[in-house]
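Chain and residue survey
Chain residues, written in single-letter form:
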Amino acid sequence: SCEDCISPGKKTILVKVKNFEKNVNYSVPIKLILLTRSQIIIPKKNIDYFNNKKLFKSDFSKKWIETTFPGKYFKSFDKIIYFKPTKTLKKGAPILKRDLIPIKLVRPFTPVKIILSNKGIKLSGIAIAKKGGHYGEVIPLKNKKGKRVIFGKIIDFNKVNIEI
């Protein structure tokens, strides 16, 4: 039995052996490593840190691996274009979270496209970003004509979503 077998890692399982005919009853500890299957992203070619300012989805592929620590890998294939490498990425090597840093998608005091969405209705307009930010960050925006400040979530390059 193994009460601790819900998470990956090194485990010790006690196997109980019972033989009723010979009246034998003992336990054998078995050490093992429990792995979990996880989908990761790998580069199709070497991606140079010094010459690469932007990543493209076409330079990467997905692969399944078995690992004890699935949380250390970068897994957001669709969002990889919003990151840049912290080092040269080797062909076929799994990408770790620490290998990438987010790109600033919105710069302070620049016009951004705002998308207002509510129950399937979408409206768009232009506002001024009061603060810069990365993908997924919530930033303050100022209406071009008024002084009202609204907040929105960055979804793309100079594009912010506002949920009403």
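Residues numbered from 1 in each chain as written. Predicted model: local features only at pLDDT ≥ 70, side-chain atom pairs only at ≥ 80, totals over all residues. Heavy atoms only, no water.

Turning our attention to the sheet that holds strand β9 (residues 138–143). Within a sheet, each strand pairs with its neighbour through backbone hydrogen bonds, oriented either parallel or antiparallel. Read around the barrel, five strands follow the order β7-β8-β9-β10-β11 and close on themselves; strand pairing throughout is mixed. Put simply, the sheet's adjacent strands are angled 50 degrees from each other on average, direction ignored. Sheet analysis places β9 next to strand β10 (residues 149–156), joined by five bridges and oriented antiparallel. Across the sheet, Ile139 pairs through a bridge with Gly152, a residue of β10. (Pairing = 2+ DSSP bridges. Helix = DSSP H or I, 4+ residues; strand = E, 2+ residues; numbered from the N terminus. Axes fitted to C-alpha atoms, helices over the stretch in contact; angles between N-to-C directions.)

So, on to the nonpolar core. Counting residues in hydrophobic clusters, the biggest one holds 24 residues, and the most contacted among them are Phe60, Ile80, Ile95, Leu100, Leu141 and Val160. Sorting the residues of this core by element identifies β7 (111–118), β8 (121–129), β9 and β11 (159–163) as the ones contributing at least two each. Apart from residues no more than four positions distant in its own chain, Ile80 is found in contact with Ile41, Leu55, Lys57, Phe60, Phe74, Ile95 and Leu100. (Core = buried A, V, L, I, M, F, W, Y, C linked by side-chain atoms within 4.5 Å. Buried < 20%, exposed > 50% of the residue type's maximum accessible area, 1.4 Å probe, protein only. Contact = heavy atoms within 4.5 Å.)

In this structure the tally under the stated criterion is four aromatic pairs. Ring centres of Tyr82 and Phe157 lie 5.8 Å apart, and the angle between their planes is 50 degrees; this geometry places the pair in the tilted category. You can see Tyr82 sitting in the loop between β4 (60–67) and β5 (83–85) and its partner Phe157 sitting in the loop between β10 and β11, a full 75 residues away along the chain. Among the aromatic residues, ring-to-ring pairing joins Tyr82, Tyr135 and Phe157 into one connected group. (Phe/Tyr/Trp six-rings, centres within 6.5 Å; stacked < 30°, edge-to-face > 60°.)

Time to look at the pattern of salt bridges. One pass over the full model with this rule turns up three salt bridges. With its nearest N and O atoms 3.7 Å apart, the salt bridge here joins Asp59 to Lys45. Note that Asp59 is positioned in the loop between β3 (36–43) and β4 and Lys45 in the loop between β3 and β4, a separation of 14 residues in sequence. Looking at Lys45, the relative accessible area reads 44%, which means it is partly exposed. Residue Asp99 pairs with Lys87 through a salt bridge whose shortest N-O separation is 3.6 Å. Taken together, the positions of Asp99 in the loop between β5 and β6 (100–102) and Lys87 in the loop between β5 and β6 put the pair twelve residues apart, joining distant regions of the chain. Residue class for Asp99 comes out buried when judged on its relative accessible area of 4%. Take Lys87: its relative accessible area is 42%, and that puts it in the partly exposed class. (Salt bridge = Lys/Arg side-chain N within 4 Å of Asp/Glu carboxyl O.)

Structural measurements only, silent on function.
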